[in-house]
Each structure stands twice: as C-alpha cells, then as structure tokens.
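Remarks on the overall topology
So you can see what is in the structure, the chains are spelled out below.
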Amino acid sequence: MAHGSNYKVKYRRRREGKTNYYKRYVYVISNTIRFVPRITNEYVIINVAKFDPKGDVMLAVAHSIELVKKYGWKGDTNNTPAAYLTGYLAGLRALKTGVKNAVADIGLFVPTKGGRIFATIKGAIDAGLQIPVGDLGDIEERVKGVHISEYAKKLQAENPEFYNKLFSRYLARGLDPQNLPQHFEEVLKKIKEVGS
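Remember, predicted model here, so these are calculated numbers, not experimental data.

Take the packing of aromatic side chains next. If you walk through the whole model with that rule in mind, you get six aromatic pairs. Ring centres 5.5 Å apart and planes at 75° place the aromatic pair F167 and Y170 in the edge-to-face group. These aromatic residues form a ring-pair network of at least three members: Y151, Y163, F167 and Y170.

Take a probe with the size of a water molecule and roll it over the atoms, and the empty space left behind shows itself. Roughly 440 Å³ of internal volume is contained in the largest pocket. Lining the largest pocket are 21 residues, and of these R13, K18, T19, R38 and D105 lie nearest its centre. Elements that contribute at least two residues to the lining of the largest pocket include exactly α2 (21-30), β1 (34-39) and β2 (44-50).

The subject of this paragraph is α2. The opening residue of α2 is N20, an N-cap whose side-chain oxygen sits 3.2 Å from the backbone nitrogen of Y22. With its phi angle positive at about 55°, N31 sits one or two positions after the end of α2.

Summarising the sheet, β2 and strand β3 (residues 57-63) pair through six bridges and their orientation is antiparallel. If you follow N47 over to β3, its bridge partner there is V61. Following β2, the chain reverses through six residues before pairing antiparallel with β3; G55 in that reversal takes a positive phi of roughly 145°.

Our focus in this paragraph is a nonpolar patch on the surface. On the surface, a nonpolar cluster with roughly 470 Å² of combined accessible area is contributed by Y22, Y25, V26 and I29. Relative to the assigned elements, I29 resides in helix α2. Judged by relative accessible area, which is 56%, I29 ranks as exposed.

Rules of the game
- Residues numbered from 1 in each chain as written.
- Predicted model: local features only at pLDDT ≥ 70, side-chain atom pairs only at ≥ 80, totals over all residues.
- Heavy atoms only, no water.
- Phe/Tyr/Trp six-rings, centres within 6.5 Å; stacked < 30°, edge-to-face > 60°.
- 1 Å grid on protein atoms, 1.4 Å probe; cavity = no way out; pocket = protein on both sides within 12 Å on 5 of 7 lines; lining within 4 Å.
- Points joined across faces, edges and corners; volume = space filled by probe spheres on them.
- Helix = DSSP H or I, 4+ residues; strand = E, 2+ residues; numbered from the N terminus.
- Polar contact = N/O pair within 3.5 Å; in protein donor to acceptor, adjacent residues only side chain to side chain.
- Pairing = 2+ DSSP bridges.
- Patch = residues over 30% accessible without salt bridge, like charges linked within 9 Å, V, L, I, M, F, W, Y side chains within 5 Å.
- Areas by Shrake-Rupley, 256 points an atom, 1.4 Å probe, with all protein chains shown as cover.
- Salt bridge = Lys/Arg side-chain N within 4 Å of Asp/Glu carboxyl O.
- Buried < 20%, exposed > 50% of the residue type's maximum accessible area, 1.4 Å probe, protein only.

Quick look at the structure:
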C-alpha cells in the first residue's frame, strides 16, 4: 500500500470491486434511466433504475427464478438463454411502466462479445425497449441455446458419464439438453402470451 501525504484511500465499494464511481457519476449527471443486468453464480437479476438523490428508484425488476416458477423453464437460471428471457421480461415490464429508452449499465463486468450481459440487453431490445448498443455480433444462436445443445450432443456420444454429471440438473427437471432450443422457444412464446 502506498504511503505519503498525497495518497488517497479509495472508497470502500471501489476497493471491494463493486462500484465504478466515475461511471456512476456519468450516469447521474446524464439523468438517464439505466438498464442494470447483474449475473450471479445462480441467477440473472435485472433492474430498470432511475436516479434519485435518496437512492435509485426501481421502475421494473426481473429475476430468472421467475422463469422457473411462472413460465416452466427447465434449464439453468443463469445461462445465456435464461439471461435473454430475463432481459425480455424486464423489457416488457419497463414498457408497461412507460419507459421507452434506457442506457445499459453493465457495472464492472468486462464486455465480452456474445456474453450473457449482452444477451440480457438483446432480450430487452427485442421486447421493444430502446437501448443504444453497438454490434452484438451473431448472438441469435447463442440466446436460443444452440451451442449448449450441440455440446450436449457431442458429449453424450463421447463421454456419457460426464454428460450425465454435467447436465444432471437439466435431466432431473425432465429436459434433454439437446432439446434446449425448442424449450427456449416454448418459454418465450409463453412470456409473449402472458406478458409480464
């Protein structure tokens, strides 16, 4: 740690790697509504937030556990298809509250092309929310879970024991991981029918 009269200790949340205060400052000054996706080890959580001096006001919230409880999702709750579906749900809810435009606030996540963070943004854009974002690349196949399906097919042929271990949650819920793209379409259709 540095010593001396010129050394300034960073704020606690910055030291813990939770908040980038410069980005936060820019969002506050611009006074725009933020689309805030966060991915944990288990879930995808999305908030559509508006700045307020007393604390951010959440205009719309979506959690990937809702996919399981309300829409019959049988896949993982934090993979790319779940991220897209949660983003889609958050986009629908934001539109219901009158939000039409938002800015993506990815926090301290490193932007990776085709990553789950961008799958959430793609879901919200497809729901009708306008979020300025650059080229998302060829993410269409990934959000449907085609890459998971292909990997499951390859793994089942090469190493059935590891296949059963790796996809045990899918199999326990009654979903063959090779059918994930079809299951994704079914759940997306339900979300569109039921709405938010």
